[in-house]
Amino acid sequence: MANERETPGADSAPPAARTTTTNPLVLTGAHVVLPTGTVRNGQLAVDGTRIAAEAPAGARRVDVSGHWLLPGFVDIHNHGGGGASFSGTPEDILKAIHTHRAHGTTTLVASTVTDETDLLVHQAGLLSELAEQGEIAGIHFEGPFISPCRKGAHSEALLRDPEPAEVRKLIDAARGQAKMVTLATELPGGIDSVRLLAEHGVIAAIGHTDASYEQTVAAIDAGATVATHLFNAMPALNHRAPGPIAALLEDERVTVELINDGTHLHPAALELAFRHAGADRVAFITDAMDAAGIGDGRYMLGPLEVEVSEGVARLVEGGSIAGSTLTLDRAFRRAVTVDKLSVEDAVTALSANPARLLGLSDRIGSLEPGKDADLVLLDADFELKGVMRRGEWVVAPQLA
């Protein structure tokens, strides 16, 4: 994707990026958010690329009093940022990755958008190489196996039924790096493809769907475990035809994605999801496109042109919402300042739950000894001040 004009603004990446830290290091005086709760005036030690149980000998001590120290954010649904797309060149992909890292996303799954099979296979090859190098945590295929009734910002001409043989082509092209496929499971082949994905250890996500309540229950029973951006691109909850929303919220096997940007969801809808699913079953995502971290302008989302105005992305033709310009530091701040979630619940939705879905809880998602030193430092107003990934500052804090 390429934008016609770049307007740096409030979403611009924080300064002082990619500065290597001096290890070992101890950060002291922060509110440290642990799986067991928040420790006030706590400390966290870093030794090499990992979190250490104790302060190593000779460690440099840095006072971050009054700040919040959180685990790095994990985004399982992201199409790009910084004026670049995960459907672009390797240089584009790295630009998008670095944009989101500078906003606290230390682990990211790259999402594709509906396109021709050959192009998706080619893109899967590029993305799998970066996954093998550790730059991304895998690939999410959003489309082409979605409903034309709920296509959102996907080209209807390129949509296809989720026949297992077609789904298998993308899985094979990803060389073991496919993490998730979004399907309209009510379409021909949908249930069989859910089973195929489950057998291969790939998350089957229900989304861009026109399924009934009963059809959604059948897909969950077949192995689907994620709701792609719950509420968006699916039938609304109805008292006689509850549709997919009720089925996805009520089933404890399902984690629901939420786009917390103030555009995709009314605060009451977010509260409904948290009340019924609970914090342990919510994953905040960005669903970001090129404009994230850049600003308003004209962009391309796959083959479709998008206009971004006042931070909201819509298709030029038809006006459908076309992803978001969200970054996860903004999603976190909104969660605790507008939605009034606890810091601990917001961290669960931004870090622990997506890490668990990816099978990476032994390495990321919480601040525990032995795990990767992936950290986010926020000030008292929950504004981002520092980002560390695997022991290196991506955004070095400027402390007095």
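Rules behind the numbers
Residues numbered from 1 in each chain as written. Predicted model: local features only at pLDDT ≥ 70, side-chain atom pairs only at ≥ 80, totals over all residues. Heavy atoms only, no water. Helix = DSSP H or I, 4+ residues; strand = E, 2+ residues; numbered from the N terminus. Polar contact = N/O pair within 3.5 Å; in protein donor to acceptor, adjacent residues only side chain to side chain. Contact = heavy atoms within 4.5 Å. Pairing = 2+ DSSP bridges. Axes fitted to C-alpha atoms, helices over the stretch in contact; angles between N-to-C directions. Buried < 20%, exposed > 50% of the residue type's maximum accessible area, 1.4 Å probe, protein only.

Asks: Which residues make up unusual backbone geometry, and what values go with them?
Replies: Across the chain, the bulk of peptide bonds are trans and the bulk of non-glycine residues have phi less than zero. Of note, the bond from Gly143 into Pro144 is cis; its omega dihedral lies within 30 degrees of zero at 15 degrees. Here Pro144 lies in the loop between strand E11 (139-142) and helix H3 (164-173). Non-glycine residue Phe231 carries a positive phi angle of around 85 degrees. Among the structural elements, Phe231 can be located in the loop between strand E14 (226-227) and helix H6 (243-250). The backbone phi angle of Glu310 is positive, close to 55 degrees, even though this residue is not glycine. Assignment of secondary structure puts Glu310 in the loop between strand E18 (304-309) and strand E19 (312-315).

Asks: Account for the side chain of Thr286, naming residues and giving values.
Replies: On the secondary structure map, Thr286 appears in the loop between strand E16 (282-285) and strand E17 (297-301). Polar contacts involving the side chain of Thr286 include one to the side chain of Asn78, which spans 3.3 Å. When neighbours within four sequence positions are excluded, Thr286 is seen to be in contact with Asp75, His77, Asn78, His100, Ile259, Ser324, Leu326, Thr327 and Leu328.

Asks: Just give me the short version of the sheet that holds E17, but keep the residues and values in it.
Replies: In spatial order, the strands read E17-E18-E19; together these three strands make up an open sheet with antiparallel pairing. Pairing within the sheet leaves two strands with one partner each, and these edge strands are E17 and E19. Recorded for the sheet is a direction-independent mean angle of 35 degrees between the axes of neighbouring strands. In the sheet, E17 pairs with E18 via five bridges, with the strands oriented antiparallel.

Asks: Can you lay out H6 for me, pointing to particular residues and giving the numbers?
Replies: It helps to recall that an α-helix has 3.6 residues per turn; residues three or four apart then point in one direction. In terms of burial, H6 is a largely internal element, seven of the eight residues being buried. Where H6 is concerned, the buried positions are Gly243, Pro244, Ile245, Ala246, Ala247, Leu248 and Leu249. Elements in contact with the buried residues of H6: strand E13 (203-206), helix H5 (213-222), E14, strand E15 (255-259) and helix H7 (267-277).

Asks: Could you give an account of the sheet that holds strand E10 (residues 105-112), naming the residues involved and the relevant values?
Replies: What the eight strands build is an open sheet, ordered E7-E10-E11-E12-E13-E14-E15-E16; its pairing is parallel. The open sheet is flanked by strand E7 (73-78) and E16, the only strands paired with a single partner. Where E14 lies against E15, two bridges are found, and the strand directions are parallel. Bridging from a neighbouring strand, Ala227 pairs with Val256 of E15. Together, E7, E13, E14, E15 and E16 form the strand contacts of helix H9 (residues 343-357), whose direction differs from that of E7 by roughly 70 degrees.

Honestly, it's all geometry; don't read function into it.
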